[in-house]
Amino acid sequence: MSPTAAPAGPLAYFDHAATVPLRPEVALAMAPFAADRFGNASGSHRLARDARAALEDAREEIASLLGARPAEVVFTGGGTESDNLAVFGVLAACERQRPAIVCSAIEHAAVLAPARAAAGGAGRVRGLDRAELRVAAVDRTGVIDLGALEECLGDDVALVSVMLANNEVGTVQPLAEAAAVVRRRAPGAALHTDAVQAAPFLDVARAAAAADLVTLSAHKLGGPKGTGVLVVREGTPLRPLVFGGGQERERRSGTHDVAGAVGMAAALRESVAHRQEEGARVAALRDRLADGLLSSIPGTVESAPRELVLPGHAHLRFAGVEQEELLVLLDEAGVCASAGSACASGAIEPSHVLLAMGVGGRDARSAVRFTLGATSSELDVQLALTATRAAVERLRH
Ligand code: PLP
């Protein structure tokens, strides 16, 4: 086996929150744009017009599936870029000397890191003076505390960011209620929601209707990696992060990735078309896995109440077990799971989400995230149950 090849043997993939394979319909839809329909959508000849027509069709479809207008859809290079554009773009457009940004404590690093950077003065290069960052606490179930959010708000707040569902523990956030608090206590603030994890399972058009800015990433939906959108509702002030040819109505310059846009539209279309039955099937498999592990491995707890989390998430803690060791044994057995808080190097960092939920120390380091999706099967669940029981037993003795 070459060092880069995937290992042989049965594989059970439980990392759908990290990424999922390309849906076959997506690969088919994208193929012509990687071949003879290669035009630059900014040009004027027939190949360019063909690319532009495909790009605008993709934009229209995505807009209609997200309850937005086509002009409100900005194509980006993925969820991270969309989150960065929302944070820096709104802060930079704000006229205030020292605008405040408010985030929930469990936001993804793609929101927290730019928010911290802006608060640390890095925003200055983007035409900002130092912003002030306020972090709204979550409760023990991993849901934003609306009272804490309210305390962070005021007339100086330019942006509030509350994710639609958390990537680690899977908790769905009460965005409509949070929006009502924001409109009341910080009427001048823009509300951003990161819907990257929610999109495969929830109706984003409805669930994120109250947000001014909405982040989505194609690869979590069975689309290509490196493509995302930021929905920017009309009237929301935003300055670009990337300057150049003025594409995307001056909001994101750069030659369009037409194949990526077409792939994202196809992924969202398929995902929306199958969402209900996929959600129900995935939830049933997840329940079998979580219930099986809870009942057969003493000292196992679920990090968040099942009724509050996405259908594909099972985030469990195995008392006395080190997550890194458990993940290695699971990997050897062909089960791909994760700690949910890895950084780019693959090293597992202490989870800011668990810390915010009041779970600390060894307890937090015993957590494993199993995330299921469209390709999950009963056989995967059987493999994970057997492998996890064996691995935990081995580690405990
Ligand atoms: N936001 C959330 C909640 C995520 O889970 C992720 C990816 O894991 C991102 C943003 C980043 O998206 P991308 O991988 O497209 O940059």
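## Concerning the domain arrangement of the chain
Thinking step 1. Segmenting the chain into domains produces domain 1 (12-22 + 274-396) and domain 2 (24-269).
Thinking step 2. Placing the centre of domain 1 and that of domain 2 at their C-alpha centroids yields a distance of 27 Å.
Thinking step 3. Taken together, the contacts link 30 residues of domain 1 with 34 residues of domain 2.
Thinking step 4. Carbon and sulfur atoms make up 59% of the area that domain 1 and domain 2 hide from each other, which totals about 2,500 Å².
Thinking step 5. Put simply, domain 1 and domain 2 have zero salt bridges between them.
Thinking step 6. The interface formed by domain 1 and domain 2 includes 13 residue pairs in polar contact (both at pLDDT 80 or more).

## Section: unusual backbone geometry
Thinking step 1. Look at arginine 249: it is not a glycine, yet its phi comes out positive at around 50 degrees.
Thinking step 2. Of note, arginine 249 is situated in the loop between strand 8 (228-232) and helix 8 (258-296).
Thinking step 3. Arginine 249 gets classed as exposed once you look at its relative accessible area, which sits at 59%.
Thinking step 4. In this structure, glutamate 250 takes a positive phi of about 70 degrees despite not being glycine.
Thinking step 5. Tracing the chain through its elements places glutamate 250 in the loop between strand 8 and helix 8.

## Overview of the nonpolar core
Thinking step 1. Counting 85 residues, the largest nonpolar core has Phe14, Leu149, Val160, Leu216, Phe318 and Phe370 as its most contacted members.
Thinking step 2. Top element by residues in this core is helix 8. It accounts for 14 residues.
Thinking step 3. Those residues in contact with valine 160 that sit more than four places away from it in its chain are Val102, Leu149, Leu153, Val182, Ala189, Ala190, Leu191 and His192.
Thinking step 4. Grouped together as the second largest cluster of nonpolar side chains are 22 residues, Ala86, Leu112, Leu230 and Leu238 included.

## A closer look at helix 2 (residues 46-66)
Thinking step 1. In a regular helix each residue adds 1.5 Å, so 21 residues correspond to 30 Å; helix 2 covers 30 Å between its end C-alpha atoms and thus fits that length.
Thinking step 2. Residues Ala48, Ala51, Ala54, Leu55, Ala58, Arg59, Ile62, Ala63 and Leu66 constitute the buried set of helix 2.
Thinking step 3. On the buried face of helix 2, the contacting elements are strand 2 (73-76), helix 7 (204-207), strand 7 (213-217), strand 8 and helix 8.
Thinking step 4. Glycine 67 lies just past helix 2 and shows a positive phi near 70 degrees.

## Observations regarding empty space enclosed by the protein
Thinking step 1. A full pass over the atoms with the stated rule returns two cavities of 30 Å³ or more.
Thinking step 2. Put simply, the largest cavity is a space of about 40 Å³.
Thinking step 3. Taken together, Val169, Glu302, Ala304, Arg306, Val309, His313, Ala314 and His315 make up the lining of the largest cavity.
Thinking step 4. For the lining of the largest cavity, the leading source of residues is strand 10 (residues 313-318), giving three residues.
Thinking step 5. Partitioning the lining of the largest cavity into residue classes produces four nonpolar, two polar and two charged.
Thinking step 6. Each pocket or cavity is described by its volume, and for the second largest cavity that value is around 40 Å³.

## Re the state of the cysteines
Thinking step 1. Scanning the model with the defined rule gives zero disulfides in all.
Thinking step 2. For the unlinked cysteine cysteine 103, the closest cysteine sulfur is that of cysteine 152, found at 9.5 Å.
Thinking step 3. Judged by its relative accessible area of 9%, cysteine 152 is buried.

## Examining the site of the ligand
Thinking step 1. Thr80, Asp194, Gln197, Ser217 and Lys220 are the nearest of the 13 residues found near the ligand.
Thinking step 2. One of the side-chain N or O atoms of aspartate 194 is found 2.6 Å from a nitrogen atom in the ligand.
Thinking step 3. Measuring from an oxygen atom of the ligand, one finds a side-chain N or O atom of glutamine 197 at 2.7 Å.
Thinking step 4. For the ligand, the protein covers 85% of the area, taking 390 Å² as the surface of the free molecule.
Thinking step 5. At three residues, helix 3 (residues 79-93) tops the list of elements feeding residues into the shell around the ligand.
Thinking step 6. A per-class count over the shell around the ligand returns two nonpolar, eight polar and three charged.

## So, the sheet that holds strand 3 (residues 100-104)
Thinking step 1. Across the sheet, seven strands lie side by side as 2-8-7-6-5-3-4; this open sheet has mixed pairing. Bordering the open sheet on either side are strand 2 and strand 4 (132-136), each of which pairs with just one other strand. Neighbouring strand axes in the sheet, compared pairwise and without regard to direction, differ in orientation by 20 degrees on average.
Thinking step 2. The strands that helix 3 touches are strand 2, strand 3, strand 5 (157-161), strand 6 (190-194), strand 7 and strand 8; relative to strand 7, the one it contacts most, it runs at about 160 degrees.

What counts and what doesn't
Residues numbered from 1 in each chain as written. Predicted model: local features only at pLDDT ≥ 70, side-chain atom pairs only at ≥ 80, totals over all residues. Heavy atoms only, no water. Domains from an automatic or database assignment. Contact = heavy atoms within 4.5 Å. Buried area = accessible area lost by both parts, 1.4 Å probe. Salt bridge = Lys/Arg side-chain N within 4 Å of Asp/Glu carboxyl O. Polar contact = N/O pair within 3.5 Å; in protein donor to acceptor, adjacent residues only side chain to side chain. Helix = DSSP H or I, 4+ residues; strand = E, 2+ residues; numbered from the N terminus. Buried < 20%, exposed > 50% of the residue type's maximum accessible area, 1.4 Å probe, protein only. Core = buried A, V, L, I, M, F, W, Y, C linked by side-chain atoms within 4.5 Å. Expected span 1.5 Å × (residues − 1). 1 Å grid on protein atoms, 1.4 Å probe; cavity = no way out; pocket = protein on both sides within 12 Å on 5 of 7 lines; lining within 4 Å. Points joined across faces, edges and corners; volume = space filled by probe spheres on them. Nonpolar A, V, L, I, M, F, W, Y, C, P; charged D, E, K, R; others polar. Disulfide = S-S within 2.5 Å. Near = heavy atom within 4 Å. Areas by Shrake-Rupley, 256 points an atom, 1.4 Å probe, with all protein chains shown as cover. Pairing = 2+ DSSP bridges. Axes fitted to C-alpha atoms, helices over the stretch in contact; angles between N-to-C directions.

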